[in-house]
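Next come the chains, spelled out residue by residue.
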Amino acid sequence: GDTDMIDKTKFKTADQLFDEKYGKPGTPAREEMHANAMAWYYGEILRTRRKALKMTQQQLADKVNVPRSYISKIERGENDMQMSSFLRIAGALGLNVQLQ
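Per chain, residues are indexed from 1 in the order of the written sequence. Residues qualify for local features only when their pLDDT is at least 70, as the model is predicted, and side-chain atom pairs are given and counted only at 80 or more; totals for whole chains, interfaces and linings, by contrast, use all residues. Calculation of side-chain values draws on the structure's entire complement of heavy atoms; hydrogens and water are dropped beforehand.

1. Comments concerning the environment of Glu 44
Per the convention used, a helix needs a DSSP run of H or I reaching at least four residues, while a strand needs a run of E reaching at least two, with both numbered from the N terminus. Examined against the element boundaries, Glu 44 turns out to sit in helix H2 (residues 28-52). Only protein chains enter the accessibility calculation, which uses a 1.4 Å probe. A residue is then buried if its area is under 20% of the maximum for its type, exposed if over 50%, and partly exposed in between. Its relative accessible area of 21% is what places Glu 44 among the partly exposed residues. When the C-alpha atoms of Glu 44 and Glu 75 are compared, they prove to be 5.9 Å apart, with 31 residues separating the residues in sequence.

2. A word on the packing of helix H3 (residues 57-64) against helix H4 (residues 68-75)
Helices that pack against each other are described as a pair by the angle of their axes relative to one another and the distance between those axes. For the pair H3 and H4, interaxial distance at closest approach is 8 Å and the crossing angle is 110°. Considering the angle they form, H3 stands roughly perpendicular to H4. Considering how the two elements wind past one another, H3 and H4 form a crossing that is right-handed. On H4, the residues that touch Gln 57, Gln 58, Leu 60, Ala 61 and Val 64 of H3 are Arg 68, Ile 71, Ser 72 and Glu 75. Residues of the contact of H3 with H4, tallied by class, amount to 4 nonpolar, 3 polar and 2 charged. In this analysis, axes come from line fits to C-alpha atoms, helices being fitted only over the stretch in contact, and the angle between any two N-to-C directions falls in the range 0 to 180 degrees. By the definition adopted for this analysis, an angle is roughly parallel if under 35 degrees, roughly antiparallel if over 145, roughly perpendicular if from 65 to 115, and oblique otherwise. If you view the pair so one helix is near and one far, a crossing is left-handed when the near helix is turned anticlockwise from the far one by less than a right angle, and right-handed when it is turned clockwise. Note on contacts: a residue pair is in contact if any heavy atoms of the two residues lie within 4.5 Å. Each residue gets one of three labels, nonpolar for Ala, Val, Leu, Ile, Met, Phe, Trp, Tyr, Cys and Pro, charged for Asp, Glu, Lys and Arg, and polar for the others, Gly among them.

What follows is the structure, given as structure tokens:
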């Protein structure tokens, strides 16, 4: 027979793994995981853009009138920022935000 065939029934989908670890979609734990993932994702976008512009965290903080520590926390995904803050920071980095 085909001994080199992979038994795909032994693998789990990402959704199954998330359900097991964080609960089903809509549950508090799953929603918190999603929010944390999105905070990290947007922080990464802002950090990558800031570095591409060769701008320091302090320079960006000064430009949007917030403490440097606030920029640092956002870039690490540790701060759930308000939309107004995100838009100010994105604008200072020359990023356009498009909602679809």
